[in-house]
Amino acid sequence: MSAQPILQLQGLGKRYGDTAVFANVDLSVYAGEFVAIVGESGVGKSTLLNCMAGLDSWSSGSVTLDGTDLAQLNDDQRALLRREKVGFVFQAFHVLPHLDVAQNIALPLMLLGRSDPARIDALLDAVGLAGLGARLPQQLSGGQNQRVAIARALVHQPRLLLADEPTGNLDPGTARRVMDSLIAQAREHGTALVLVTHSEAAAARADRVLQLCADGIV
Ligand code: ADP
Ligand code: MG
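In this text the structure is predicted, and so the values were computed from the model without any measurement.

Caption draft 1: Summary view of the site of ligand 1. The environment of ligand 1 is formed by Tyr 16, Val 21, Glu 40, Ser 41, Gly 42, Val 43, Gly 44, Lys 45, Ser 46 and Thr 47. For ligand 1, an oxygen atom lies 3.0 Å from a polar atom in the backbone of Gly 44. Of the residues assigned to the shell around ligand 1, the class counts are three nonpolar, five polar and two charged.

Caption draft 2: Summary view of the pattern of salt bridges. Under the defined criterion, the tally for this structure stands at eight salt bridges. The salt bridge involving Lys 85 is made with Asp 66; its shortest N-O contact spans 2.7 Å. Residue Lys 85 is located in helix H2 (residues 75–85), and its partner Asp 66 is located in the loop between strand E4 (60–65) and strand E5 (68–69); the two are separated by 19 residues in the primary sequence. Each member of the pair, Lys 85 as well as Asp 66, carries the same accessibility label: buried. Across the salt bridge formed by Asp 180 and Arg 205, the nearest N and O atoms sit 2.6 Å from each other. Of this pair, Asp 180 sits in helix H6 (residues 172–189) while Arg 205 sits in the loop between helix H7 (200–203) and strand E9 (208–213), and the two are 25 residues apart along the sequence. Residue Arg 205 is classed as partly exposed on the basis of its relative accessible area of 28%. A single network of salt bridges, built from pairs that share partners, joins Asp 66, Lys 85 and Arg 159.

Reading the values: the criteria
- Residues numbered from 1 in each chain as written.
- Chains lettered and ligands numbered in written order.
- Predicted model: local features only at pLDDT ≥ 70, side-chain atom pairs only at ≥ 80, totals over all residues.
- Heavy atoms only, no water.
- Near = heavy atom within 4 Å.
- Polar contact = N/O pair within 3.5 Å; in protein donor to acceptor, adjacent residues only side chain to side chain.
- Nonpolar A, V, L, I, M, F, W, Y, C, P; charged D, E, K, R; others polar.
- Salt bridge = Lys/Arg side-chain N within 4 Å of Asp/Glu carboxyl O.
- Helix = DSSP H or I, 4+ residues; strand = E, 2+ residues; numbered from the N terminus.
- Buried < 20%, exposed > 50% of the residue type's maximum accessible area, 1.4 Å probe, protein only.

Keep in mind these values describe shape, not function.
Here's what the structure looks like:
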């Protein structure tokens, strides 16, 4: 492929003291691709995802995001790049309880000094939450809150969407609908999607499924 990858990991390794979590992770993810990462509990999937976003440090190798080597940036520059280029969906939603649904979704735009009420409405509609913008998170179900988190992760049209077991807390039917929203929204905008999942059904929908183990990714 000739285009530049949105995300490139080269020889990435993570250690805590003498204990290696993973080593030699090489991965290139291109615009519009959907990559699933699977692996045993504790193998370092969440750590790897955090490294991709520059939220965690690594011990060896490099992370390049949309052509920028994250090691060349200071903390502020890295945070700015992340806000612009990356969306993140966590297993435990992380919606802010005192903000209403529309405010939660608008948060990444606000951090970039932007405002776009029409986009919030369009996203509410797209993830099946039309008319619920003024509700507080506690007035929504788990599946609805995870769709708030998905809308929030996509509101600023990131190049890369990272999702860490986003359906891990949901029943199978709800999980499927949440995955539908996630995949449809990523595909619509050509956003590269990296999904960590234990769900075989979710992984089966990816373009590529990679297994993380201690000595690399295959
Ligand atoms: P996964 O998401 O695949 O379940 P994690 O990325 O959460 O795995 O964790 C990877 C490994 O890193 C785990 O074995 C965990 O014990 C270890 N780990 C995480 N934080 C620390 C730390 N501060 N010190 C030492 N080991 C840690
Ligand atoms: Mg994890």
